[in-house]
Each structure stands twice: as structure tokens, then as C-alpha cells.
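Here's the letter readout for the chains.
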Amino acid sequence: MKLTLVYPTFGMEKNPVQPFGILYVAAALQKADFEVSIIDTSLFSGFDEFEQALSREKPDVLGFTIPTWLLNNSYKAIKIARRVMPRIPIIVGGPHPTIQAEEMLESFGADVACIGEGEITTVELCEALKNKTDLQRVKGIVYRDGDRFIRTPPREKVKDLDTLAWPARDLLNISAYLQQPPNPPELYPLLGILASRGCPFSCTFCADTLHELFGKSIRYRSPKDVVDEMEFITHKYKLRGIRIVDDEFTANNKWVMKFCDEMIRRKVKVSWSCNSRVDTVSEELIQKMKEAGCSYIIFGVESGSQQILDSLRKEIKVEEIKRAFAICNKYGLPTRCNLMVGSPGETMDTFNETKRLLSDIEPDFIIVGITSPIPGTELYDQAKAKGITIAKSDSSIDRFQSLLILENFTHQETVGLVKNLFHHYFKIVASYLYNPVQLFKKRHFFKAIFRYFYNMFAQNPRLCLSTVLHLVNYQKVRFGNALTVANVVEEQRKFIC
Ligand code: SF4
């Protein structure tokens with residue numbers, strides 16, 4: 001039996017990131033001796049190529065992983081699959097089917113939805129389909145039985161993540177991923193890795209979906225297993241950078257310390273970056289991470305207003321934000337501050353508090369997105385209950401627009417806030433050039449930028465040049481009349497923490 005997995009981006013991501021959900025499921029299926037392939041649509045220019053790929057692969061079962069922002073693409077792709085292969089069983093999994101399984105089977109015409117983690121469930125499901133046994137015995141699925149939907153008992157989370165096979169990267173067109181310029185100051189070529197699953201925090205715009213998928217606590221792989229994989233992919237793909245894509249890498253300081261000790265002991269020569277929270281880092285931790293090769297840390301700050309932070313249940317204090325950035329600045333660890341504007345309750349005062357915070361903490365990089373209610377989150381339920389979302393249906397949710405109706409800002413004004421914050425950030429960066437003390441204090445920032453371009457130029461001069469041109473053009477677009485939030489929101493969503 002051959003299973004083909006699809007990640008239906010169809011070129012929507014400018015810099016595609018590895019689809020870890022299907023890479024882990026593919027690896028589990030391979031381990032169970034199933035034939036697996038992946039249709040990597042990230043480089044497709046349209047749906048015709050998908051139809052051709054289906055005819056080429058000739059799968060017996062088709063699986064889709066579906067985040068909410070890919071609902072439209074997924075819908076079209078499943079319709080095509082149904083037309084080309086009317087009898088093929090179609091499985092859907094990932095964030096959206098986990099939240100709204102029955103709705104997806106009903107409206108998309110899929111046959112089975114996988115709830116939560118897919119590795120064990122998909123293997124058992126494929127065995128049941130192959131042997132034509134009762135699907136009722138497969139935990140963690142919803143399937144059709146005539147006019148009814150049957151929901152089986154929940155699947156337990158994978159207790160020991162080390163038992164999972166590493167992501168089946170070889171099934172992807174991996175060179176396309178390797179050739180993507182990373183975000184400054186990450187080093188090229190770069191790939192991502194997952195060291196943990198889940199997040200124990202409760203932010204209203206994010207947590208519920210994560211909790212449904214991975215549970216309410218965080219599970220880490222062993223430091224040895226993570227470093228083994230980092231070492232392996234560094235050698236195999238000649239990497240200079242690795243992005244640890246976990247939602248909250250530093251939630252368990254003891255684990256991170258052990259991981260860093262392992263990196264230092266084995267002298268793994270690769271620079272790495274991670275997502276973090278300001279309340280889960282200490283001076284000792286940052287010092288150790290730096291020593292172990294961490295070259296970039298991304299904090300989900302969201303707002304400089306305590307009122308907005310509290311309403312998003314971020315559970316951090318503005319003082320903690322200042323402390324975390326001060327520590328990173330002290331140890332010369334480049335930082336990125338992820339911000340969101342247009343949250344419920346945003347006013348000009350709260351926005352100005354965010355601007356003042358930026359001046360205080362002097363992050364090296366920022367990303368600004370517009371707060372959007374994603375189905376399955378508390379923010380979405382609140383917005384629906386108050387009638388303050390303009391989303392007509394879940395498929396109208398994408399990463400390119402604000403869907404909240406705000407009391408104090410129109411949609412265009414919210415876009416203006418994004419632009420305003422970027423202006424403010426660039427003014428801060430420009431001010432370093434006129435102030436020798438600041439220039440010295442922020443020398444790690446200039447060093448990181450220089451290293452980023454120098455490293456890329458040494459390995460791929462053409463890519464380096466096109467990246468420079470792209471960045472110049474990006475700024476023009478961002479600050480010209482044709483400003484859209486597409487780019488910034490896209491970035492924000494990819495690395496949201
Ligand atoms: S935003 Fe970050 S800290 Fe909050 S729930 Fe999501 S992953 Fe966790």
C-alpha cells in the first residue's frame with residue numbers, strides 16, 4: 001500500500017519551511033514498512049502541477065496536513081483529488097482537522113480525520129485500511145459511517161519522543177529548502193529541527209490549538225537525541241545554521257542547560273536559533289546558550305502594554321520583557337521581538353506604550369503582525385461571541401488581513417500601526433550610527449549582519465545579491481504606497497510564539 005502525503009501551500013510561503021507534521025508521519029510509516037511519498041507543493045505555481053503529481057504518484061491513500069491558513073488550498077486540492085481518483089481514501093490531519101474534524105469531513109469530502117499527533121494513528125489507520133479491519137479500533141480518528149460520523153477514543157500523546165523516527169527529509173525536494181536565504185542573522189544554509197512538543201502557557205490567541213494537538217504540558221526529546229540529529233543534518237546537508245522551531249524552547253531551563261552541555265561537549269559546529277519567552281530565560285541560561293552556539297533568540301513579546309498583555313493572557317510583565325532583552329544585549333546575543341497590533345482593547349495609548357517599550361529594549365530585529373482570531377483559540381471564541389470578527393467562514397481566515405472589528409481603529413488604521421512600528425524601529429537602528437556609545441553597545445548587531453551576508457556571499461554569491469535586492473525592494477514596498485501586511489504577517493505567523 002502506498003500513501004502519499006500533501007502539504008498544500010501551493011507556493012503561498014515565500015520561504016518555505018519544512019512541514020514537520022507530515023515529515024514525522026512519513027518517517028513513522030516508513031518505519032512500519034509502508035511505501036510513502038510526499039507531494040511538495042511549496043514550489044508549485046498552480047493546481048495543474050498537483051494533478052500531474054497525483055497521476056505520477058498513483059497513491060492508494062492520500063493524506064493532507066491542514067493548518068487553518070491553508071483551508072482554501074486544501075479544499076481545492078481535495079476536490080481535484082476526488083475528481084482524478086474518485087475512490088481513493090482521503091485522510092486529513094494537522095491543526096484544523098484536530099479542531100473541527102466533523103466539519104472538515106462534511107464540507108471537504110474527506111473520509112477520515114486524524115486528531116492530534118499523527119504518527120501512531122496514521123500507521124494504525126493504514127494497517128486497518130490495508131487489512132480492511134474495523135476503523136473503530138483505531139484511536140484518535142473521526143470517520144464516516146453512512147450519514148453518521150464516528151469519533152473513536154482519544155489517542156494518547158507520544159510519551160517518549162525519542163522513540164519517533166527522525167523527520168523523513170529525504171522525501172522532500174530538500175535542496176529547495178536549503179537554497180532559501182534564512183532570516184538575518186541566521187546562517188545559510190539552514191534547516192529546522194524540533195526538540196519538543198507543546199507549550200504549557202495559555203495565551204488566548206494560540207494556546208488552545210496547541211493544547212489540542214500536543215496536550216497542555218511540554219514534552220522534550222532527550223538532549224542526546226536532539227544533538228545527534230543536529231550533528232547528522234549538519235554533516236549531511238553541510239549546514240551552517242539550524243533553527244529550533246519549537247514553540248517555547250526554553251520552557252524547561254534544566255533541559256536546555258543539559259542540551260547546551262551536550263552541544264559544548266561534542267563541539268557541534270553549527271549556529272542555532274530558537275523561540276522563547278521573556279519569563280523563561282535567566283542570565284545563566286543565556287550565557288550557556290551563547291556558549292553552545294545560539295546566535296539568535298526570538299521572543300514573543302506581542303505588546304508593550306500590560307493591559308493588552310493581560311487581556312491576551314500572556315502572563316508576562318513589561319518589566320520581565322525589559323530584563324530579558326537587557327540580558328541578551330549584555331551578552332551580545334541578537335534578539336528579535338515579535339509584536340502584534342490590533343488586539344481587542346488596543347488604543348493609541350497602548351500602541352504608544354509598545355513604541356516606548358521598543359525604545360527601551362532595543363531589539364536587534366522586529367516582526368509586527370496583526371492580531372487574528374484563529375479557530376479553536378479562546379480569542380476566536382471571544383470574538384465570535386462579541387460579534388467582533390469579520391470572518392464569514394473559517395476559510396476566509398488568512399495571514400494577510402485583520403479579521404477583528406476594533407473599537408478604536410479601522411482595518412486601514414491597523415495596517416498603519418504596523419507601518420508606524422517599523423518606522424520607529426528603523427529610527428532606533430539608525431540612531432546607533434550617530435551615537436558612538438550605542439554603536440559600541442550594539443556591536444553584536446552589526447557583527448551579526450556582517451556575518452550573515454559574508455557567510456552567504458562566501459557560499460552562494462548570487463543568492464546573497466538577490467537577498468540584498470529583495471531586502472531593498474521589501475523596504476520600498478513596505479514603506480511605499482503599496483504597503484501590504486502580507487510579508488510581515490507571513491513572517492509573524494511562521495515564528496509566532
Ligand atoms: S504564544 Fe507562545 S507562549 Fe503563548 S501559548 Fe503560544 S507558544 Fe505558548
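Here the structure is shown first, and the text comes after it.
I will try to describe carefully the structure that is included in this document. Treat the numbers as computed from the prediction; the structure is a model and nothing was measured.

Points about the packing of helix 11 (residues 283-291) against helix 13 (residues 318-331)
How two helices pack is summed up by the angle between their axes together with the distance between the axes.
Okay, step 1: Remark: helix 11 packs on helix 13, axes separated minimally by 10 Å, with the N-to-C direction vectors making an angle of 40°. As the angle between them shows, helix 11 and helix 13 are arranged oblique. Of the two elements, helix 11 crosses helix 13, and the hand of that crossing is right-handed. In this structure, helix 11 uses Glu283, Ile286, Gln287 and Lys290 to contact helix 13, whose residues at the interface are Ile327, Cys328, Lys330 and Tyr331.
Okay, step 2: Across the contact of helix 11 with helix 13, the residue classes tally to four nonpolar, one polar and three charged.

So, helix 8 (residues 207-214)
Okay, step 1: Most of helix 8 is tucked away, with six of its eight residues classed as buried.
Okay, step 2: Buried residues along helix 8 sit against helix 4 (95-99), strand 9 (196-197) and strand 10 (219-220).
Okay, step 3: Positive phi appears at Gly215, one or two residues downstream of helix 8, with a value of about 90°.

Some details on the side chain of Thr41
Okay, step 1: With respect to the helices and strands, the residue Thr41 is situated in the loop between strand 2 (35-40) and helix 2 (47-57).
Okay, step 2: Polar side-chain contacts of Thr41 include one of 2.6 Å to the backbone oxygen of Tyr7.
Okay, step 3: Within the structure, Thr41 has its side chain in polar contact with the backbone nitrogen of Phe10 (distance 3.0 Å).
Okay, step 4: If we ignore the near neighbours within four places in the chain, the residues touching Thr41 are Val6, Tyr7, Pro8, Thr9, Phe10, Gly11 and Phe50.

Observations concerning the packing of aromatic side chains
Okay, step 1: What the rule picks out here adds up to 22 aromatic pairs.
Okay, step 2: Geometrically, the ring pair formed by Tyr432 and Phe445 is edge-to-face, given 6.4 Å between the ring centres and 75° between the ring planes. Note that Tyr432 is positioned in helix 16 (residues 411-432) and Phe445 in helix 18 (residues 443-459), a separation of 13 residues in sequence. There is no split in this pair, since Tyr432 and Phe445 are both buried.
Okay, step 3: Clustering of aromatic rings is evident, with ring pairs tying together Phe10, Phe44, Phe47, Phe50 and Phe64.
Okay, step 4: Residue placement shows Arg277 over the ring face of Phe201; its charged tip is 3.5 Å from the ring centre.
Okay, step 5: The ring of Phe440 has Arg443 sitting right over it, with the charged end atom 4.0 Å from the ring centre.

Thoughts on unusual backbone geometry
Okay, step 1: A cis amide bond, omega 5°, links Pro184 with the succeeding residue Pro185.
Okay, step 2: Position of Pro185 among the secondary structure elements: in the loop between helix 7 (174-178) and strand 8 (190-193).
Okay, step 3: Look at the link from Tyr188 to Pro189: it is a cis peptide, with omega at -5°.
Okay, step 4: Inspection of the secondary structure assignment puts Pro189 in the loop between helix 7 and strand 8.
Okay, step 5: Here Lys58, not a glycine, exhibits a phi torsion of approximately 45°, which is positive.
Okay, step 6: A positive phi angle, close to 50°, is found at Lys267, a residue other than glycine.

Some words on the sheet that holds strand 6 (residues 141-145)
Okay, step 1: As summarised here, the arrangement of the seven strands in space is 2-1-3-4-5-6-7, forming an open sheet in which the pairing is mixed. Two strands in the sheet have a free side with no partner beyond their single neighbour: strand 2 and strand 7 (148-151). Taken pair by pair, the neighbouring strands of this sheet meet at an average axis angle of 20°, ignoring direction.
Okay, step 2: Relative to strand 3 (residues 61-65), strand 1 (residues 2-7) is paired through four bridges, and the arrangement is parallel. By the bridge assignment for strand 3, Val6 is matched with Phe64.

Details of the environment of Trp272
Okay, step 1: One can find Trp272 in strand 12 (residues 271-276).
Okay, step 2: A relative accessible area of 0% means that Trp272 is categorised as buried.
Okay, step 3: Put simply, Trp272 and Glu102 are 170 residues apart on the chain and 40 Å apart in space, counted from C-alpha to C-alpha.
Okay, step 4: Within polar-contact distance, the side chain of Trp272 engages the backbone oxygen of Ala292 at 2.9 Å.

As for the pairing of strand 6
Okay, step 1: Judged from the three bridges that link them, strand 5 (residues 112-114) and strand 6 form a sheet pairing that is antiparallel. In the strand pairing of strand 6, Ala113 is matched with Val142.
Okay, step 2: Where strand 6 meets strand 7, four bridges bridge the pair, whose relative direction is antiparallel. Following the sheet pairing, Asp145 is matched in strand 7 by Arg148.

The rules behind the values
- Residues numbered from 1 in each chain as written.
- Predicted model: local features only at pLDDT ≥ 70, side-chain atom pairs only at ≥ 80, totals over all residues.
- Heavy atoms only, no water.
- Axes fitted to C-alpha atoms, helices over the stretch in contact; angles between N-to-C directions.
- Helix = DSSP H or I, 4+ residues; strand = E, 2+ residues; numbered from the N terminus.
- Parallel < 35°, antiparallel > 145°, perpendicular 65-115°, else oblique.
- Left-handed = near helix turned anticlockwise from the far one by under 90°.
- Contact = heavy atoms within 4.5 Å.
- Nonpolar A, V, L, I, M, F, W, Y, C, P; charged D, E, K, R; others polar.
- Buried < 20%, exposed > 50% of the residue type's maximum accessible area, 1.4 Å probe, protein only.
- Polar contact = N/O pair within 3.5 Å; in protein donor to acceptor, adjacent residues only side chain to side chain.
- Phe/Tyr/Trp six-rings, centres within 6.5 Å; stacked < 30°, edge-to-face > 60°.
- Lys NZ or Arg CZ within 6 Å of the ring centre and 35° of its normal.
- Pairing = 2+ DSSP bridges.

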